[in-house]
Amino acid sequence: NAGVTQTPKFQVLKTGQSMTLQCAQDMNHNSMYWYRQDPGMGLRLIYYSASEGTTDKGEVPNGYNVSRLNKREFSLRLESAAPSQTSVYFCASSPSGAGTDTQYFGPGTRLTVL
Amino acid sequence: GENVEQHPSTLSVQEGDSAVIKCTYSDSASNYFPWYKQELGKRPQLIIDIRSNVGEKKDQRIAVTLNKTAKHFSLHITETQPEDSAVYFCAAVYNNNDMRFGAGTRLTVKP
């Protein structure tokens, strides 16, 4: 099992450009999450999907959209990137919720917006 | 929403000493408190967790305590080793999905 995978690993964008970060898990987990981590800070929840077909906002959703494509895949889209979105983005999954089961994190995507 | 505060932000100890990291949370509905270790450039890894119906949990050299009344929880690492050097994050989960992290503690264990 690959666990949680993310693509790309690194990305540089110009202000105003759009892009989609991809996340997939092969553990048959119901819940998936997107976090961002800024230097010297803890992770902050952007959006989550408690189960296939549902998505909800987290702590910092502004400027992002998500799609739970199927049970395996959960993508994060930046429609018009801003320098404030420069960060490391982590995807995570959990069998049935972060408060019930362990969360498994992907390796992260390092995004720079110029 | 939930707010988690973590102290200290940096901690330096001699190899073999103990290290203690403390967190407080604001939402009494939070019921799950994990601790993560993150090495430079790596993903966070769960090291121990505790649920709101338990006061203490231990796993070898690592222990976590929870005081629900005071909304405090702490990580204790005994007999520290250089490989324990990393950034440690506490977190609190409410509504089963919303996880809020503390700002992190950079632990350095000096040989």
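A short tour of the structure in this document, coming up. Nothing here was measured: the structure is a model prediction, and the numbers come from that model.

1. Brief notes about the overall build of chain A
Within chain A, the regular secondary structure consists of 0 helices and 11 strands. Along chain A, helices and strands appear, N-terminal first, in the series β-β-β-β-β-β-β-β-β-β-β. Taking 114 residues into account, the globule formula puts the C-alpha radius of gyration at 13 Å, and chain A, at 13 Å, falls close to it. Taken along the three principal axes of its C-alpha coordinates, chain A extends 35 × 25 × 25 Å. Among the 114 residues that make up chain A, the fraction classed as buried is 48%. Looking at chain A as shown, the accessible area adds up to about 5000 Å², and 48% of this sits on carbon and sulfur atoms. Positive and negative side-chain charges of chain A, numbering 10 and 8 respectively, have mean locations separated by a distance of 8 Å.

2. Let's talk about the environment of Leu 78 of chain A
All names here are of chain A. As for its placement among the helices and strands, Leu 78 is situated in strand E8 (residues 74-78). When its relative accessible area of 0% is taken as the criterion, Leu 78 is described as buried. In this structure, the C-alpha to C-alpha distance between Leu 78 and Thr 20, residues 58 residues apart in sequence, is 6.3 Å. Those residues in contact with Leu 78 that lie beyond four places of it in its chain are Gln 17, Ser 18, Met 19, Leu 21, Gly 63, Tyr 64, Gln 85, Tyr 89 and Leu 111.

3. What about the environment of Thr 102 of chain A?
Along the chain, Thr 102 of chain A falls in the loop between strand E9 (87-94) and strand E10 (104-105). On a C-alpha basis, the gap between Thr 102 of chain A and Gln 11 of chain A in space is 28 Å, while along the polypeptide they are 91 residues apart. Those residues within four positions of Thr 102 of chain A in sequence are excluded, and the remaining contacts are Ser 93, Ser 94 and Pro 95 of chain A together with Leu 46 of chain B.

4. A short note on the side chain of Asp 49 of chain B
Residues and elements named next belong to chain B. As for its placement among the helices and strands, Asp 49 is situated in strand E5 (residues 45-51). The buried category is assigned to Asp 49, whose relative accessible area is 13%. One polar contact links Asp 49 to Tyr 32, side chain to side chain, over a distance of 2.6 Å. Within polar-contact distance, the side chain of Asp 49 engages the side chain of Lys 57 at 2.7 Å. Setting aside residues up to four positions removed in sequence, Asp 49 forms contacts with Tyr 32, Phe 33, Pro 34, Lys 57 and Val 64.

5. Description of the nonpolar core
Soluble, globular proteins show a tendency: their nonpolar side chains are buried together. Grouped together as the largest cluster of nonpolar side chains are 23 residues, with contacts concentrated most on Trp 35, Phe 73, Leu 75 and Leu 107 of chain B. Those elements that provide at least two residues to this core are strand E2 (10-14), strand E3 (19-25), strand E4 (32-38), E5, strand E7 (62-67), strand E8 (72-77), strand E9 (86-94) and strand E11 (105-110) of chain B. Among the nonpolar cores identified, the runner-up in size contains 20 residues, and Val 4, Trp 34, Tyr 64 and Phe 74 of chain A belong to it.

6. Here we look at the pairing of strand E6 (residues 56-59) of chain B
Along a regular strand, successive side chains alternate from one face of the sheet to the other. All names here are of chain B. The sheet contact formed by E6 and E7 spans 4 bridges and is antiparallel. Directly across from Glu 56, in E7, lies its bridge partner Thr 65. Counted along the chain from E6 to the antiparallel partner E7, the turn is 2 residues long, and its residue Gln 60 has a positive phi close to 60 degrees.

7. Some thoughts on the interface of chain A and chain B
Many authors give the size of an interface as the accessible area that is lost as the parts come together. Counting residues at the interface gives 25 residues for chain A, matched by 19 residues for chain B. By the criterion of area lost to chain B, the three top residues of chain A are Leu 43, Gly 99 and Phe 105 of chain A, representing 27% of everything that side buries. The tally of links between chain A and chain B comes to 1 salt bridge. Between Glu 59 of chain A and Arg 100 of chain B there is a salt bridge whose closest N-O contact spans 3.9 Å. There are 4 residue pairs in polar contact (both at pLDDT 80 or more) connecting chain A and chain B. Residue assignment for the side of chain A that touches chain B shows that the elements contributing at least two residues are strand E4 (31-37) and strand E5 (43-49) of chain A. In terms of residue class, the side of chain A that touches chain B is built from 12 nonpolar, 11 polar and 2 charged.

Cut-offs and rules
- Residues numbered from 1 in each chain as written.
- Chains lettered and ligands numbered in written order.
- Predicted model: local features only at pLDDT ≥ 70, side-chain atom pairs only at ≥ 80, totals over all residues.
- Heavy atoms only, no water.
- Helix = DSSP H or I, 4+ residues; strand = E, 2+ residues; numbered from the N terminus.
- Rg over C-alpha atoms; globule rule 2.2 N^0.38 Å.
- Buried < 20%, exposed > 50% of the residue type's maximum accessible area, 1.4 Å probe, protein only.
- Areas by Shrake-Rupley, 256 points an atom, 1.4 Å probe, with all protein chains shown as cover.
- Lys, Arg positive; Asp, Glu negative; His and termini not counted.
- Charge placed at Lys NZ, Arg CZ, Asp CG, Glu CD.
- Contact = heavy atoms within 4.5 Å.
- Polar contact = N/O pair within 3.5 Å; in protein donor to acceptor, adjacent residues only side chain to side chain.
- Core = buried A, V, L, I, M, F, W, Y, C linked by side-chain atoms within 4.5 Å.
- Pairing = 2+ DSSP bridges.
- Buried area = accessible area lost by both parts, 1.4 Å probe.
- Salt bridge = Lys/Arg side-chain N within 4 Å of Asp/Glu carboxyl O.
- Nonpolar A, V, L, I, M, F, W, Y, C, P; charged D, E, K, R; others polar.

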